[in-house]
Amino acid sequence: MQNLLLTLQTLSQKLVSELNVENILTDIMKTLGEALGAVWVNIWELTPDGKKIYIKQGYGRKGTEKYITHSRAHPIPLGVAFIGRAIKTKKTWSSSDMWTDPHLPRTWIKTVKEQHFRGIVCVPQIVESAKVIGGMCVYFKDVRVLSDFEMRLITIAANQAAVSVVNANIYNELIAERDKTLATINSLNEGVILYDNENRVLLLNPKAQEILLVQPKDILGKTPTKEMFEKNVSLKNLYEISHLTLSDYEAKEYSFEEPSKTILEITAVPVRGTGHLKIGSMRILRDITREKEVDIIKSKFISTASHQLRTPLSGIRWALDALRGGDEGPLTTTQQNLVEKTYKTATGLNELLDNLLDASKIEERGLVYVFREYDLLSLVKNIIKEFSVQLQEQKITLVLREPTNPIPKVQIDPKALSMAIRNFIDNAIRYSLPGKKVLISLSTGMYYVMLFIKDSGIGIPKEEQKSIFSKFFRAKNAQLLRTEGSGLGLYLAKSIVEKHNGRVMFESKENQGSEFSIYLPLEEQKMPLNRKK
């Protein structure tokens, strides 16, 4: 009994000490055969159609490979012989003396005697959900009556062998899937950086290495830190990309000058495992340098054209001002109305040129930001004062809901951010109907200060929301309500907020209104730095 218990312990250890399934099966058969004094132990496997069986592996006698080859060429049907019955019925079939056992076909007796087989035990290999994947047979040269414990030991060994086969198949499938995924990632024309939940770098594909000039040995398994890139300048871009403020699937531009000017589009992608739990994240690096160079050429043309138009436009406005003021004599009512309409159109054209120039500056990296600590609430209050006339003309009520707790100061460029906030508020007023209300509020989160601008206006159609921050885009319902507009306001506003390492989100329903949310970082490492972009 003690010997059999030791055998059981040895069998269990085989499962955790070896990865190669053939070695595991050989060890199990060897251990079991030696413990029971068997002359041969073999393992049987089902054919792909599940109707026949053949010997997969054996141990204990010479010429085993010959028997395996013959068995593969001539598999036996389920229900035939002891092993066929065991697998078909999912029960153990055995005989203490096959020579006299009526269950053995008489035509087989001669062969059995020649092989010096007399006693036999065949058990099915059963895994999860009572599924049979094969069987195991143990052969004895003499008449052999096995104890109940010995029979149980053989069943345990057979099932352990089955578990090892199943686990090996799962492991091989996982390895194959991993290799396929790695091959796909490594062949991508976009850079991929993979992180775990502690922000340690797990993978840097060849394209990412090429873009960032980083060697995997310098960063794999490590969390990018400021101290790290101060010691190794080549890790600076990796550090900054890793610390960009991005929500899931959000994209942001990042550029660097050395060794050559490169502009990247960085997209954050979550990595999820079983149960949709987040197990890591990726940063996808797409080189958009060429696209941006083309955009800059376009922007330079627009900038040049806008500058050239401003001089004659200033002359037109000066002449219209003179006419409006009566410098050239009194005007009739019809003339006065015509001059006012023309002046309004010229003013709108001047605003369009200003927006075009601002957009050009952003795209050419010509807009210089000077960041400093500033009180966001006071900034918002000053901006609101600028809209008093517009609010009266459009009969809109603007409410500022001040926070109960003080708002911490944020790192901003007051002039640039004012332009962005002004655009959001202007849109909220411009696209609200008379009698409606615009609500502005601020709050503080753990990592951000949030500014919310909510209106009850015409809203944005669902199918057009994906394009709302695109340059020159205006929703159809906005064009119907107001024909004038450049489609640059939200594009400029979002670009400015992103230069503050912040982000813009919105919710909108057509004919019900919109709410835009501006998030500005409070964490020191995510605050914007003073440098020219």
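Residues numbered from 1 in each chain as written. Predicted model: local features only at pLDDT ≥ 70, side-chain atom pairs only at ≥ 80, totals over all residues. Heavy atoms only, no water.

### Describing the overall build of the protein chain
Next up, step 1: Counting its secondary structure elements, the protein chain contains 17 helices and 18 strands.
Next up, step 2: Compactness check: the protein chain gives a C-alpha radius of gyration of 39 Å against a globular reference of 24 Å for 533 residues, more than 25% above the reference.
Next up, step 3: Dimensions of the protein chain, computed from C-alpha atoms along their principal axes, come out at roughly 135 × 50 × 45 Å.
Next up, step 4: The buried share of the protein chain, taken over its 533 residues, is 43%.
Next up, step 5: For the protein chain, the proportion of contacts with a sequence separation of at least 24, taken over those separated by at least 6, is 58%. (Helix = DSSP H or I, 4+ residues; strand = E, 2+ residues; numbered from the N terminus. Rg over C-alpha atoms; globule rule 2.2 N^0.38 Å. Buried < 20%, exposed > 50% of the residue type's maximum accessible area, 1.4 Å probe, protein only. Contact = heavy atoms within 4.5 Å.)

### Observations regarding the side chain of Lys207
Next up, step 1: Examined against the element boundaries, Lys207 turns out to sit in helix H7 (residues 206-212).
Next up, step 2: Those residues in contact with Lys207, other than ones at most four positions away along the chain, are Leu188, Asn189, Glu190 and Gly191.

### Concerning the sheet that holds strand E16 (residues 448-455)
Next up, step 1: Strands sit in the order E13-E15-E16-E18-E17 across an open sheet of 5 strands; the sheet is mixed. Two strands lie at the open edges of the sheet, namely strand E13 (397-401) and strand E17 (503-509), each paired on one side alone. Averaged over all pairs of adjacent strands, the angle between strand axes in this sheet comes to 15°, irrespective of strand direction.
Next up, step 2: Here 5 bridges tie E13 to strand E15 (residues 437-444), and the two strands are oriented parallel to one another. Bridging from a neighbouring strand, Leu400 pairs with Ile440 of E15.
Next up, step 3: Helix H13 (residues 376-385) rests against E13, E15, E16 and strand E18 (513-521) of the sheet, and its axis sits at about 170° to E13. (Pairing = 2+ DSSP bridges. Axes fitted to C-alpha atoms, helices over the stretch in contact; angles between N-to-C directions.)

### Things to note about the pairing of E16
Next up, step 1: Counting buried positions over the 8 residues of E16 gives 7, a clear majority of the element.
Next up, step 2: With 7 bridges connecting them, E15 and E16 associate as antiparallel partners. In the sheet register, Leu442 faces E16, and the bridge partner there is Leu451.
Next up, step 3: In this structure, the hairpin formed by E15 and E16 is closed by a connection of 3 residues.

### Details of unusual backbone geometry
What you tend to see is this: most non-glycine residues have negative phi, and most peptide bonds are trans.
Next up, step 1: Although it is not a glycine, Asn199 sits at a positive phi angle of roughly 70°.
Next up, step 2: Relative to the assigned elements, Asn199 resides in the loop between strand E7 (191-196) and strand E8 (201-204).
Next up, step 3: In this structure, Asn501 is a non-glycine residue whose phi angle is positive, near 60°.

### Structural notes on the sheet that holds strand E9 (residues 251-256)
Next up, step 1: The 5 strands lie next to each other as E8-E7-E11-E10-E9, forming an open sheet whose pairing is antiparallel. Edge positions in the sheet fall to E8 and E9, since each has one partner strand and no second. For this sheet, the mean inter-axis angle between neighbouring strands, taken without regard to orientation, is 25°.
Next up, step 2: Of the pairings in the sheet, the one linking E7 to strand E11 (residues 278-287) comprises 6 bridges and is antiparallel in character. The residue bridging Asp196 from the neighbouring strand is Gly280, located in E11.

### Considering the pattern of salt bridges
Next up, step 1: Across all of its chains, the model carries 22 salt bridges by this definition.
Next up, step 2: Across the salt bridge formed by Lys261 and Glu257, the nearest N and O atoms sit 3.3 Å from each other.
Next up, step 3: The partly exposed category is assigned to Lys261, whose relative accessible area is 40%.
Next up, step 4: Among the residues examined, Glu257 registers a relative accessible area of 48% and is labelled partly exposed.
Next up, step 5: One salt bridge in this structure joins Glu291 and Arg286, with 2.9 Å as the shortest N-O distance.
Next up, step 6: Using a relative accessible area of 40% as the deciding quantity, one classes Glu291 as partly exposed.
Next up, step 7: Residues joined by salt bridges that share partners form a network here, namely Asp196, Glu198 and Arg200. (Salt bridge = Lys/Arg side-chain N within 4 Å of Asp/Glu carboxyl O.)

### Brief notes about the packing of aromatic side chains
Next up, step 1: Tallied over the entire structure, the rule returns 11 aromatic pairs.
Next up, step 2: On the basis of an interplanar angle of 5° and a centroid distance of 5.7 Å, the ring pair of Tyr369 and Phe371 is categorised as stacked.
Next up, step 3: With relative accessibility at 4%, the residue Tyr369 sits in the buried group.
Next up, step 4: Each ring, one from Tyr448 and one from Tyr519, has its centre 5.8 Å from the other, and the planes form 90°; the classification is edge-to-face. Of this pair, Tyr448 sits in strand E16 while Tyr519 is found in strand E18, placing the two residues 71 residues apart along the sequence.
Next up, step 5: For Tyr448, a relative accessible area of 13% translates into the label buried.
Next up, step 6: Cluster of aromatic residues (ring-pair linked, three or more members): Trp40, Tyr67, Phe117 and Tyr139.
Next up, step 7: Geometry around Trp99 places Arg118 over its ring, the cationic atom sitting 3.8 Å from the centre. (Phe/Tyr/Trp six-rings, centres within 6.5 Å; stacked < 30°, edge-to-face > 60°. Lys NZ or Arg CZ within 6 Å of the ring centre and 35° of its normal.)

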